[in-house]
Amino acid sequence: MTNTNHYDVIVVGAGHAGCEAAYAASIMGLETCLVTIHLETIAQMSCNPAIGGLAKGQLVREIDALGGIMGLLADETGIQFRLLNRSRGGAVQAPRAQSDKAAYRQTMKKWLEQIPRLTLFQGIVTEVLVNNGRITGIKCLDGNTFKARAVILTPGTFLNGLIHIGLNHYPAGRANEPASLELSQNLKDLGFKIYRLKTGTPMRLHKDTIDWDKFTPQPGDEEPIPFSFRTEKKLENKIVCYIGYTNAQTHKVISENLDSSPLYSGYITGIGPRYCPSIEDKVVKFPHHKRHQFFLEPEGLDTAEIYVNGISSSLSFDTQMKILRSITGLDEAKVLRPAYGIEYDSVSPTQLYPTLETRSISGLYLAGQINGTSGYEEAAAQGLMAGINAVLKIKGKKPFILGREKAYIGVLIDDLINQGIEEPYRLFTSRAEYRLLLRIDNADQRLMEYGYHFGLIPDGVYQNFLKKQERISKAITFLQGEKVKTKEGTIRIIDAIKKPDVHLKNVIECKKLLNALSDEEIRHIESEIKYEGYIQKQEKEIARLRKLDLVMIPEKTNYAKIPGLTREVAEKLERGRPRTLGGAKKIPGITPAAIINLHVYIKMQQQKTSHQKVSRGTLKKDQEI
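For clarity, every value in this text was computed on a predicted model and none was experimentally measured.

Engineer: Quick question: what am I supposed to make of a nonpolar patch on the surface here?
Structural biologist: Nonpolar side chains collect at one region of the surface, where I596, V600 and M604 lie side by side and expose about 290 Å² of accessible area between them. Topologically, M604 is positioned in helix α19 (residues 592–624).

Engineer: Explanation requested: the packing of helix α3 (residues 70–77) against helix α4 (residues 101–113) in the structure shown.
Structural biologist: For any two helices packed against each other, the geometry is given by the interaxial angle and the distance between the axes. Here α3 crosses α4 at 130°, and the two axes come no closer than 10 Å. Classified by the angle between their axes, α3 and α4 sit oblique to one another. Where α3 crosses over α4, the handedness of that crossing is right-handed. Across the interface between the two elements, M70, L72, L73, A74, E76 and T77 from α3 touch A103, Y104, T107, M108 and W111 from α4.

Engineer: Whenever I open this one, the sheet that holds strand β5 (residues 94–99) confuses me. Can you help?
Structural biologist: Strands in a sheet are paired, the pairing made by backbone hydrogen bonds, and the direction either parallel or antiparallel. Sheet architecture is open: 3 strands sit in the order β3-β5-β4, paired in antiparallel fashion. Only two strands of the sheet have a single neighbouring strand rather than two, namely β3 (50–52) and β4 (78–84). On average, each strand axis in the sheet is tilted by 15° relative to the strand beside it, whichever way the strands run. Inspection of the sheet shows β4 paired to β5 by 6 bridges, in the antiparallel sense. Across the sheet, residue L83 finds its bridge partner in β5, namely P95.

Engineer: When you look at the state of the cysteines in this model, what are you seeing that I'm missing?
Structural biologist: A covalent bond between the sulfur atoms of two cysteines is referred to as a disulfide. One pass over the full model with this rule turns up 0 disulfides. In this model C19 remains outside any disulfide bridge; the closest cysteine sulfur is found in C33, 13 Å from its own. Left without a disulfide partner, C241 is nearest to the cysteine sulfur of C47, which lies 14 Å away.

Engineer: Sorry if this is basic, but what is going on with the pattern of salt bridges here?
Structural biologist: Oppositely charged side chains can form a pair if their charged atoms are brought close together. The final tally for this structure, using the stated rule, is 39 salt bridges. The salt bridge involving R204 is made with E299; its shortest N-O contact spans 2.9 Å. Placement of the pair is R204 in strand β12 (residues 194–206) and E299 in the loop between β15 (293–298) and β16 (305–312), with a sequence separation of 95 residues. Each member of the pair, R204 together with E299, is buried.

Engineer: Explain the pairing of β12 to me, please; I cannot follow it from the model alone.
Structural biologist: Along any regular strand the residues' side chains alternate between the sheet's two faces. Relative to strand β18 (residues 340–347), β12 runs antiparallel, the two sharing 8 bridges. Within β18, the position partnered with T199 by the bridge is I342. Strand direction decides the pairing type here: β12 and β16, joined by 4 bridges, are antiparallel. What sits directly across from R204, in β16, is Y307. In this sheet, strand β17 (residues 335–337) lies alongside β12 in antiparallel orientation, the contact comprising 2 bridges. Along β17, the bridge assignment pairs L205 with V335.

About the thresholds
- Residues numbered from 1 in each chain as written.
- Predicted model: local features only at pLDDT ≥ 70, side-chain atom pairs only at ≥ 80, totals over all residues.
- Heavy atoms only, no water.
- Patch = residues over 30% accessible without salt bridge, like charges linked within 9 Å, V, L, I, M, F, W, Y side chains within 5 Å.
- Areas by Shrake-Rupley, 256 points an atom, 1.4 Å probe, with all protein chains shown as cover.
- Salt bridge = Lys/Arg side-chain N within 4 Å of Asp/Glu carboxyl O.
- Helix = DSSP H or I, 4+ residues; strand = E, 2+ residues; numbered from the N terminus.
- Axes fitted to C-alpha atoms, helices over the stretch in contact; angles between N-to-C directions.
- Parallel < 35°, antiparallel > 145°, perpendicular 65-115°, else oblique.
- Left-handed = near helix turned anticlockwise from the far one by under 90°.
- Contact = heavy atoms within 4.5 Å.
- Pairing = 2+ DSSP bridges.
- Disulfide = S-S within 2.5 Å.
- Buried < 20%, exposed > 50% of the residue type's maximum accessible area, 1.4 Å probe, protein only.

Interpretation note: all reported values are geometric properties and have no functional meaning in isolation.
Right, here's the structure in full:
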């Protein structure tokens, strides 16, 4: 385009959501502008410099299979790699990597700068421009305006951000970075329902002032597993993390200084994350625990900063120092950055379509912490989906929506838009009812075809994927046909592997086969075999639910009279007047329990109608006689 202030897509905020959104939109062929407060902090890891974890690792694999870049970047800049739950089944295994914080940020910036249709711009966005319910662009603090056909907001914790250290507080989106006050007010003026949330970060310590002998080493895996299906180089562990514990003296210090806590003094009104509480929250809410675990994790190879994972706090700096003095090994530690809590605004995600487009403003998309989520991975997944859908809408194509049975990304977005949030949302494997189908080893099988169709997966990568599927198919055919001798007699190899204590690598008859397969392919084949019966059950359940979605709701249904429906649910159904149960499920706030009650009611009405028809037919015959 010749006019540089006109773009197809503008992405506001260059955190993990914004980077994925901008990458997807530009790679898919549209002129895109990524606007950020500081170009130097693109893809900044505001909290722990780590990627993955339980459910989060699955998200990163899915992002990668769709053609996103978080997995590639984690492999490129990782300094320690671990597969969590390695001893358990494939459905709950997940990769995690400690990244070099500076390298992650710098590498992302370098990659984005090389994309032809992507412009990076430093500016502070104060307003989204709207005309007749449709997005038209953005306005910046310096008066610059940019036109756009779609805008994706990914502001992280910057919306009306307020940092707390003890009873002192100041406006900021991150430590020493300006908060986005005008944009927050702009969204309120546009009628969006706003929540106040809270999160925090721990202190950073100088590595040379820690007595490492007092802590337990936690090394990486001997054979690291990559996040990305596209990573070809062998990964290498370059650092060791350490495990430590708080103690009774630590808890006493915290209890005696709660008057300096903004959390317990009423200064913080935002709701914090249930599953990643501050250390003062842990001590107050779990008084029966004599100690709490924490991890000492290096922030990179060329820095002395150590991240104290597990001691997030908004207590005063003086109290933070007392906490350190109470822990042997940290009693001489020097603080490089104090811990702090931060409050910020988020938009209720029930105001979004499954595409992450806002219901009230056409062409405006929201992704990341603005939707009430916590975590880099949840943000990146939303950013990728928002970027894809913004492009598809501009091109006049069908939207891209993943179901709960298809991906953890589908679970994440479905939870947000249908259930909303009351606290910062974090994804867990337990939230996915079909997690046996949503494993890290089959993410490419589930999603890579979509990424290839959108132009996000290169042809060479897709061809390698097809060859991999062919190898897997041939291997399974071999295992179905070959037999092995056991104590119980001769059985098919595939049946032997279904036993809990038998693994594919241990079956001698498979040695030649294994030479042609990668470790990733072996894990995938074994999971498919061991979970076969459960997978079939889940697939039948999915098919049943699909049929359920097609069940028609009688046109004159009086929702207020349906037993088991709350008044709120009945009112939402009355306003929406969905035609099918599938349509009812898409209404924000309609719970699975409500759908079950509605289905039972419909069946009872059908039976009642059928009985009445039979009764009328019998009566007519009696009259004829």
